[in-house]
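Inside the fold
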Amino acid sequence: MKKEIRLYLVEARNKKGFSMRRAAQEAGMTYQHYSKIENGDRGTHVSFMVMTRIAEALAIPLNVMREKEKEYRDLYEDDND
């Protein structure tokens, strides 16, 4: 199974000038948990509440986060077919 990096999170984090550690702190989670989400180690199964906290920390509107996650899931599923 090939993992895919959530590039939209990397781009939003870089735009804010945050390290992964800072993004995790702002979202109220551990660095390890955030890192697994951004790097694709968590796959497509991330709770809505966690993604909402990340969206708020990185100033991503929820409707944009929803669309980006749909694109991510579609890409992830295509790679696993």
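This text gives an overview of the structure that appears in the document. Computed from a predicted model, the values in this text were never measured in an experiment.

**Considerations on helix H2 (residues 20–27)**
Residues Met20, Ala23, Ala24 and Ala27 constitute the buried set of H2. Considered in projection along H2, the buried side chains sweep an arc of 100 degrees and stay on one side of the axis. Seen from the open side of H2, the exposed residues pointing more than 90 degrees away from its buried face are Arg21 and Gln25. In the segment just after H2, glycine 28 is the residue with positive phi, at about 75 degrees.

**Some details on the nonpolar core**
Core analysis: the biggest nonpolar cluster contains 20 residues, and Leu9, Tyr34, Ile54 and Leu58 have the highest contact counts within it. Here this core gets six residues from one element, more than from any other, and that element is helix H4 (residues 48–58).

**Looking at the layout of surface pockets**
In this structure, the largest pocket spans a volume of roughly 230 Å³. The set of elements that each furnish at least two residues to the lining of the largest pocket consists of H4 and helix H5 (62–79). Here the residues of the lining of the largest pocket are counted per class, giving five nonpolar, three polar and four charged.

**Notes on helix H1 (residues 7–16)**
Within H1, burial applies to Tyr8, Leu9, Val10, Ala12 and Arg13. Downstream of H1 by a residue or two, glycine 17 has a phi angle that is positive, lying close to 75 degrees.

**Brief notes about unusual backbone geometry**
Phi at alanine 59 is positive, roughly 55 degrees, even though this residue is not glycine. Within the secondary structure, alanine 59 is located in the loop between H4 and H5. A relative accessible area of 54% means that alanine 59 is categorised as exposed.

**Here's the deal with the packing of aromatic side chains**
Within this structure, the stated rule accounts for zero aromatic pairs. The cationic tip of arginine 6 hangs over the ring face of tyrosine 72; the distance from NZ or CZ to the ring centre is 4.0 Å. One cation-aromatic arrangement involves arginine 21 over tyrosine 31; the distance from NZ or CZ to the ring centre is 4.1 Å.

**Focus: a nonpolar patch on the surface**
A cluster of nonpolar residues, Phe48, Met49 and Leu62, forms a patch on the protein surface that exposes about 350 Å² of accessible area. Tracing the backbone through its elements, the reader meets phenylalanine 48 in helix H4. Exposure remark for phenylalanine 48: the relative accessible area of 58% places this residue in the exposed category.

Calculation rules
- Residues numbered from 1 in each chain as written.
- Predicted model: local features only at pLDDT ≥ 70, side-chain atom pairs only at ≥ 80, totals over all residues.
- Heavy atoms only, no water.
- Buried < 20%, exposed > 50% of the residue type's maximum accessible area, 1.4 Å probe, protein only.
- Helix = DSSP H or I, 4+ residues; strand = E, 2+ residues; numbered from the N terminus.
- Arc of directions from axis to C-beta.
- Core = buried A, V, L, I, M, F, W, Y, C linked by side-chain atoms within 4.5 Å.
- 1 Å grid on protein atoms, 1.4 Å probe; cavity = no way out; pocket = protein on both sides within 12 Å on 5 of 7 lines; lining within 4 Å.
- Points joined across faces, edges and corners; volume = space filled by probe spheres on them.
- Nonpolar A, V, L, I, M, F, W, Y, C, P; charged D, E, K, R; others polar.
- Phe/Tyr/Trp six-rings, centres within 6.5 Å; stacked < 30°, edge-to-face > 60°.
- Lys NZ or Arg CZ within 6 Å of the ring centre and 35° of its normal.
- Patch = residues over 30% accessible without salt bridge, like charges linked within 9 Å, V, L, I, M, F, W, Y side chains within 5 Å.
- Areas by Shrake-Rupley, 256 points an atom, 1.4 Å probe, with all protein chains shown as cover.
- Salt bridge = Lys/Arg side-chain N within 4 Å of Asp/Glu carboxyl O.

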